[in-house]
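Take a look at the letters that make up each chain.
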Amino acid sequence: MNVYTLSAKNCMSHLLLKETFDQFLFIEGEITTFNKFSIDGFLQSDFFDEPPKSTYSLWKNVREFCYNIIRGKRTPLNFKIVLSLPPASVPGFLARKGISGYHPEDIQGLYLNFHYDGSTLQCITGTSVRTFTLDKTLEREWDTYIGDFLKPLRIE
């Protein structure tokens, strides 16, 4: 786990107005403005004519909805948005990073947790694996990947 303190204005532009994070899955969100809005990213398969290919919505499909809740003259009191690398991207991530101690099916999630407390915006990385291991290679490489991902965007 690594914590990045971010420039709120620049990061919010990338998060809500640009396609920067669109390839990530939207796991959940909670936004507090004049009300508290809780959003579950879990797709309801009964809603669709054909079963969805994913369990969760892509961020690009809920980004505008979240933007409409947040936008206005006043900043939100707080929010949290949890994103995850899609399972289909995990094998490529493992290969690029040379991580051989994990199988893609062992990894439950590689997460980005955006948290705004009314004054500070942070991005907290997280990993979840289905099996117990003392090996922290996955966690370190995910932290490095996200640090490298955020740096050129001048978010941090």
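Residues numbered from 1 in each chain as written. Predicted model: local features only at pLDDT ≥ 70, side-chain atom pairs only at ≥ 80, totals over all residues. Heavy atoms only, no water.

Quick notes on the layout of surface pockets
Right, so step 1: Quantified by volume, the largest pocket comes out at close to 290 Å³.
Right, so step 2: Along the walls of the largest pocket sit 16 residues, with Leu25, Tyr56, Ser84, Pro87 and Gln108 positioned nearest its centre.
Right, so step 3: Secondary-structure elements contributing two or more residues to the lining of the largest pocket are strand E2 (25–32) and strand E6 (107–116).
Right, so step 4: Looking at the lining of the largest pocket element by element, the count peaks at 4 residues for E6. (1 Å grid on protein atoms, 1.4 Å probe; cavity = no way out; pocket = protein on both sides within 12 Å on 5 of 7 lines; lining within 4 Å. Points joined across faces, edges and corners; volume = space filled by probe spheres on them. Helix = DSSP H or I, 4+ residues; strand = E, 2+ residues; numbered from the N terminus.)

Some words on the packing of helix H3 (residues 90–97) against helix H4 (residues 137–150)
Right, so step 1: At a minimum axis distance of 11 Å, the contact between H3 and H4 shows a crossing angle of 95°. Accordingly, the angle class assigned to the pair H3 and H4 is roughly perpendicular. Residues Phe93, Leu94 and Lys97 of H3 lie in contact with H4, whose contacting residues are Leu138, Glu141, Trp142, Thr144 and Tyr145.
Right, so step 2: Among the residues forming the contact of H3 with H4, the class breakdown is 5 nonpolar, 1 polar and 2 charged. (Axes fitted to C-alpha atoms, helices over the stretch in contact; angles between N-to-C directions. Parallel < 35°, antiparallel > 145°, perpendicular 65-115°, else oblique. Contact = heavy atoms within 4.5 Å. Nonpolar A, V, L, I, M, F, W, Y, C, P; charged D, E, K, R; others polar.)

Digging into the nonpolar core
Right, so step 1: Counting 37 residues, the largest nonpolar core has Leu15, Phe21, Trp59, Phe79, Leu83, Leu112 and Phe114 as the members making the most contacts within it.
Right, so step 2: Every residue in contact with phenylalanine 79, bar those within four places of it in the chain, is listed here: Met12, Glu30, Ile31, Ile70, Phe114, His115, Tyr116 and Leu121. (Core = buried A, V, L, I, M, F, W, Y, C linked by side-chain atoms within 4.5 Å. Buried < 20%, exposed > 50% of the residue type's maximum accessible area, 1.4 Å probe, protein only.)

Comments concerning the packing of aromatic side chains
Right, so step 1: A full pass over the atoms with the stated rule returns 13 aromatic pairs.
Right, so step 2: Between the aromatic rings of phenylalanine 21 and phenylalanine 24, the centroid separation amounts to 6.1 Å while the plane-to-plane angle is 45°, which identifies the pairing as tilted. The pair formed by phenylalanine 21 and phenylalanine 24 is uniform in burial state, with each residue classed as buried.
Right, so step 3: Members of the aromatic cluster, each reached through a chain of ring pairs, are Phe21, Phe24, Phe93, Phe114, Trp142, Tyr145 and Phe149. (Phe/Tyr/Trp six-rings, centres within 6.5 Å; stacked < 30°, edge-to-face > 60°.)

A look at H4
Right, so step 1: Here H4 spans 20 Å end to end across 14 residues, near enough to the 20 Å set by a 1.5 Å rise per residue.
Right, so step 2: Every buried residue belonging to H4 is among Leu138, Trp142, Asp143, Ile146, Gly147, Phe149 and Leu150, and all of these are buried. Angularly, the buried residues of H4 cover 165° about the axis, an arc narrow enough to put them on a single face.
Right, so step 3: Contacts made by the buried residues of H4 are with strand E1 (3–6), H3, E6 and strand E7 (121–129). (Expected span 1.5 Å × (residues − 1). Arc of directions from axis to C-beta.)

Regarding the pattern of salt bridges
Right, so step 1: Scanning all chains against the criterion turns up 4 salt bridges.
Right, so step 2: As a salt-bridge pair, lysine 80 and glutamate 28 come within 3.3 Å of each other at their nearest N and O atoms. Taken as a pair, lysine 80 in strand E5 (residues 78–84) and glutamate 28 in strand E2 lie far apart in primary sequence, 52 residues in all.
Right, so step 3: Of the residues examined, lysine 80 reaches a relative accessible area of 32% and is grouped as partly exposed.
Right, so step 4: Its salt-bridge partner being lysine 97, residue glutamate 141 comes within 3.8 Å of it at the nearest N-O pair. One end of the pair, glutamate 141, is in helix H4; the other, lysine 97, is in helix H3, and 44 residues separate them in sequence. (Salt bridge = Lys/Arg side-chain N within 4 Å of Asp/Glu carboxyl O.)

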